[in-house]
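# Understanding the architecture of this molecule
Here are the chains, one letter per residue:
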Amino acid sequence: MLDPRVFWQLSYGIYIVTTRAAGRCNGQIANTVFQVIAQPPTVGISLNRENLTHELVRQSGVFAVSVVSEAADMPFIGTFGFKCGRTTDKFAKIQTVVGELGMPIVTTNATGYLEAKVTHTLDVGTHTLFIGEVVAAAALPCAEQPMTYAFYHDVRKGKTPKNATTFLGTMGAAAGGGKYRCRVCGYEYDAALGDPAHAVPAGTAWADIPAGWVCPTCGVGKSEFSEVR
């Protein structure tokens, strides 16, 4: 038996990886970003091979990493973590700067960022490990701490998307209690709690939620939810 909570205890962070290739930009949430060596300063990132960001990093050979702060809410995280850049402009309402390597770098809800040129790649099955030499980095004025993976799960009640390095299916998921789970991002609606932030008071039954209500994390409608049994 595998308890996924043990994997959440590993020291991950929450990051936004961005890149640009052939005039196209994209970005995604990643939790696997780490320093490899100090001289030259080198970092590694792990990206799912199905993701558009993976495709563009492979084409361009460059990437940027923004360190997400604890101030980030779930709609912000959901934009980069649960929406597809092939159909969504993820940067439409997000503050960015253009880095030295010509990429958009997310500065909203970020404590700092770095830019890197890919020096090595390693195929590890569902993901590719990109190793990059850092060419620029900056700390940003931010009152919040960097968001850890534990904070994302325990405080923000975030879920793990299926393309993440740490996705372990539905193992350990709660069941029963009249809850409804989003099939896209894993968010669970609990009638006992409601969604007061979006005008759905606690105690509102699933059937009584307005038809126009959407998932607070990824923005899909009620038709993408299934009852948790």
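We now turn to the structure provided with this report. (Residues numbered from 1 in each chain as written. Predicted model: local features only at pLDDT ≥ 70, side-chain atom pairs only at ≥ 80, totals over all residues. Heavy atoms only, no water.)

Turning to the overall build of the chain, a few remarks are in order. Looking only at helices and strands, one finds 4 helices and 12 strands in the chain. In terms of C-alpha radius of gyration, the chain reaches 18 Å, essentially the compact-globule figure of 17 Å for 229 residues. Expressed as lengths along the three principal axes of its C-alpha atoms, the size of the chain is roughly 55 × 40 × 35 Å. Burial statistics for the chain: of 229 residues in total, 45% are counted as buried. Pairs at least 24 apart in sequence give 63% of the contacts found in the chain among residues at least 6 apart. Here the chain contributes 19 positive and 18 negative side-chain charges, whose respective centroids are spaced 5 Å apart. (Helix = DSSP H or I, 4+ residues; strand = E, 2+ residues; numbered from the N terminus. Rg over C-alpha atoms; globule rule 2.2 N^0.38 Å. Buried < 20%, exposed > 50% of the residue type's maximum accessible area, 1.4 Å probe, protein only. Contact = heavy atoms within 4.5 Å. Lys, Arg positive; Asp, Glu negative; His and termini not counted. Charge placed at Lys NZ, Arg CZ, Asp CG, Glu CD.)

For helix H3 (residues 74–81), a buried count of 6 out of 8 residues is recorded, marking the element as mostly surrounded by other parts of the structure. Those residues of H3 that fall on the buried side of the exposure criterion are Met74, Phe76, Ile77, Gly78, Thr79 and Phe80. Of the residues that open H3, the one with a side-chain oxygen 3.0 Å from the backbone nitrogen of phenylalanine 76 is aspartate 73. (Polar contact = N/O pair within 3.5 Å; in protein donor to acceptor, adjacent residues only side chain to side chain.)

Where nonpolar side chains cluster on the molecular surface, the patch consists of Leu2, Val6, Phe7 and Leu10 and spans about 350 Å² of accessible area. For leucine 2, the location among the structural elements is in the segment before helix H1 (4–8). (Patch = residues over 30% accessible without salt bridge, like charges linked within 9 Å, V, L, I, M, F, W, Y side chains within 5 Å. Areas by Shrake-Rupley, 256 points an atom, 1.4 Å probe, with all protein chains shown as cover. Salt bridge = Lys/Arg side-chain N within 4 Å of Asp/Glu carboxyl O.)

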